Amino acid sequence: MSDKPIALKVFRFDPAIDRAPRYENYQVPWREGLLLLCALEYVRDHLDETLAFRDYCCGCSWCSSCVMTVDGKGIRTCSRPLYPGESLVVEPMRGFPVIKDLAVDFGVTVATPEGTYRKMEGTIIRKEKRS
Amino acid sequence: MTIRTDILVIGAGGAGARAAIEAAKNSKLRVLVLNQGPIGRSGLTAMANGGMQWVSHPEDSPRYIFEDIVRIGCFLNDQNLVEALSEEAPARAQELIEWGAKPIPFDDRRGSGPSPDAPGGGRSFPRAHLIPGASYMTALRHELGRHPNVTALTDVIATKLLAGNGKVTGATILNIRTGEFEAVEAKATVLAAGGLGELYPHSTNAPFGMHGHATGMGYAMAYHAGAALIEMEMVQFTGNQLWPPWLLGNPALLVSLCGGQYRNALDQEFIKLPQPRDAIQRMAYKEIKEGRGTSRGGVYIDLTISPLSSREIEEQLKSSLAAEVARERWKLIKAMSADAPDPKTWKIEFTPGGAHFFMGGVHINERCETSLRGLYAAGEVSGGVHGANRMGGNALTEIIVFGARAGRYSAEYASENDWIPSDESLLRDEHARLTGFVKTGETTPKSIIDKLAATMLEHAGVARTGRGLMRALSAIESIKQDDLPKMRVPEGRRFNLGWVEAIEAPYMLDVAEMIVRSALFRTESRGAHFREDYPETRPDWLRHTSVVNNGRTMDLGSVPIVMTRLGPEVSQ
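Residues numbered from 1 in each chain as written. Chains lettered and ligands numbered in written order. Predicted model: local features only at pLDDT ≥ 70, side-chain atom pairs only at ≥ 80, totals over all residues.

As for the packing of helix α14 (residues 466–483) of chain B against helix α15 (residues 497–521) of chain B
All names here are of chain B.
- Contact geometry for α14 and α15: axes closest at 10 Å, N-to-C directions at 160 degrees. Considered as vectors, α14 and α15 are oriented roughly antiparallel to each other. Of the two possible hands of crossing, α14 and α15 adopt the one that is left-handed. Residues Gly 466, Leu 469, Ala 472, Leu 473, Ile 476, Ile 479 and Lys 480 of α14 form the contact with α15, whose own contacting residues are Leu 509, Ala 512, Glu 513, Val 516, Ala 519 and Leu 520.
- Along the lines of polarity and charge, the residues of the contact of α14 with α15 split into ten nonpolar, one polar and two charged. (Axes fitted to C-alpha atoms, helices over the stretch in contact; angles between N-to-C directions. Helix = DSSP H or I, 4+ residues; strand = E, 2+ residues; numbered from the N terminus. Parallel < 35°, antiparallel > 145°, perpendicular 65-115°, else oblique. Left-handed = near helix turned anticlockwise from the far one by under 90°. Contact = placed C-beta atoms within 7 Å. Nonpolar A, V, L, I, M, F, W, Y, C, P; charged D, E, K, R; others polar.)

Written as structure tokens, this is what we have:
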């Protein structure tokens, strides 16, 4: 049981090309100390090199550039340990415009004589609840 | 499209952000600052533990810290730079605290502690302070946001410095978000692109294999522009934790804070403290090489003999992290080591040879000027401050002291000089290079980088030999000849990380070659550079190694050290 792979269902969307988002499934082998962000690195390095996410990361649960929506909850993926045989749905962080796949625009602080505000680019993808 | 700005700052870590803030004090100047990720929320400054040192003890003086830094740097430091660092660090740190950085109260009991690696170690007076990278970068980000004449671009990398006739006139950039290529024309350019840890398979710059993007692109861009670089052999190594998973912090710190011991797989204590940082690395490396390493490929730090209680050890392990980080991290460590919850039962495993910091880089003077007009450098990408070894606590002070200087002097230069229109054919060539990668090659940029990193660890790591370095050189040559042309880049323009890696990989090979050639050239052992075939420190090598690009070849040479206070006679 200890080496059962991790199953990831990952949100994919390139706003420049795709009409709508889709999901892709990946299987990542489990190893001691595997974290979700590292599992995504594994996907990019070995399974699908087109997967986009913010891999530029402090790795110590601070910078939050790795936040994503995992099973419906916003978390820092660098600090989410994985257990053998887990299945997870990985989506971009909600409330931010999607650049591509799991990478979102957190915006930039812009100063003007009137004050500072955050500037973002793109459109926010909303998942409507099915009634 | 071409963007025009007065000052271009490449990198928005501590040095770049501080340079932009300083340059923007002249409200007539427009400053453009680029960062590969979200500003303040990516990069190595943000992930720093926060150890800093500056003079704060009433009996201490910049003069003493100056001498400590030069001694630890094995007299290879440019002393004009060390003077600036030792004298200006207190004011720059206070300023950072005024901008909102929160120092953690830190009990610096150790004074002249056992190891130069630990806070207070190798120093004449207690002067260690703690501002975690998170808080440090937040303060700089907020201060940056207060200047309307600063434009910050995130998710952008510089791909090449625009240079000609001994001058730098801007850079070409790639917007990672859109995949668009642009040229930036600037009156002055500040290079603050950071270090090169990812040239090695284990690095504190890439914790647990995640990317800090310390790829050394800044060194390569400066090299190709024709700037002089020094001490390219000086890689500072530290231990990388293997177990328990996700424990952060450096092993020497754990030993001195918790009273642990270094032990090999045969349970022998193999290091008697005190020892300098580089010696610990070599001793651990020797244990593993001679077959006394653990099954994970490391050695132990035994905490079972610690005089502290489990609770005190836990507090010490958390002490160097911001409270929020420590809480999260500790939960994770506990989750990952569920079968051994008590730290007092831990034998922490670490492997030596984790690239931690790079002392060499673009040669600067005290005005952060490089050998090219219009190009300034600050932070880890620059060389000359730390000599052959960086004293713990000097990286986070270096970046604000020299960041501010680079900002000030680049602003002066930009006020007195005009733009130089860039050469259209140069821009066309660069655009063709960036878009010309093949889509169907046999190998990925990542596998090329991994292959290079393995070579660097084996032959250009903590202990080097002439023969090994020659092997590394031919390995790098063969990667350049055989693998690079077959490198494949995934389709698509938006947020194409494979494309970014494809731009980084050839530069990383160039930086690796500079390291290996400089390490071959310095036929002695000094500080972080250890040659098994030349184990002695030689007085005639009290010089910088230098690398300059002369058209097609890498020109190795040596240049004198700037000695303002301590002459060569003191170093004997």
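What to know about the packing of helix α6 (residues 217–225) of chain B against α15(B)
Residue and element names in this part refer to chain B.
- Between α6 and α15, the least distance of the axes is 8 Å, while the angle of their chain directions is 80 degrees. Between α6 and α15, the angle falls in the class roughly perpendicular. Contact with α6, carried on its side by Met 217, Tyr 219, Ala 220 and Tyr 223, involves Glu 504, Tyr 507, Asp 510, Val 511 and Met 514 of α15 and no other residues of that element.
- Its residues assigned to classes, the contact of α6 with α15 shows seven nonpolar, no polar and two charged.

So, the interface of chain A and chain B
- At the junction of the two partners, chain A supplies 38 residues and chain B supplies 41 residues.
- Within the residue set of the side of chain A that touches chain B, elements represented by two or more residues are α1 (36–47), β6 (98–100) and β8 (108–112) of chain A.
- Ranked by residue count, the leading element in the side of chain A that touches chain B is α1(A), at five residues.
- Here the residues of the side of chain A that touches chain B sort into 19 nonpolar, ten polar and nine charged.

Structural notes on the sheet that holds strand β9 (residues 229–230) of chain B
All names here are of chain B.
- If you walk across this open sheet you meet the five strands as β16-β14-β9-β17-β18, and the pairing is mixed. The open sheet has two free edges, formed respectively by β16 (382–383) and β18 (553–559), since each of these has just one partner strand.
- In this sheet, β16 lies alongside strand β14 (residues 361–363) in parallel orientation, the contact comprising two bridges. Note that in β16 the partner of His 363 across the bridge is Gly 383.
- Against the sheet, α15 contacts β9, β17 (544–550) and β18, and its axis sits at roughly 45 degrees relative to β18. (Pairing = 2+ DSSP bridges.)

So, the sheet that holds strand β11 (residues 261–263) of chain B
All names here are of chain B.
- In spatial order, the strands read β10-β13-β12-β11; together these four strands make up an open sheet with antiparallel pairing. Each edge of the open sheet carries a strand with a single partner, namely β10 (235–243) and β11. Neighbour-to-neighbour, the strand axes of this sheet turn through a mean angle of 40 degrees, independent of strand direction.
- Contacting β10, β12 (299–302) and β13 (347–358), helix α8 (residues 277–289) crosses the sheet at an angle of about 125 degrees to β13.

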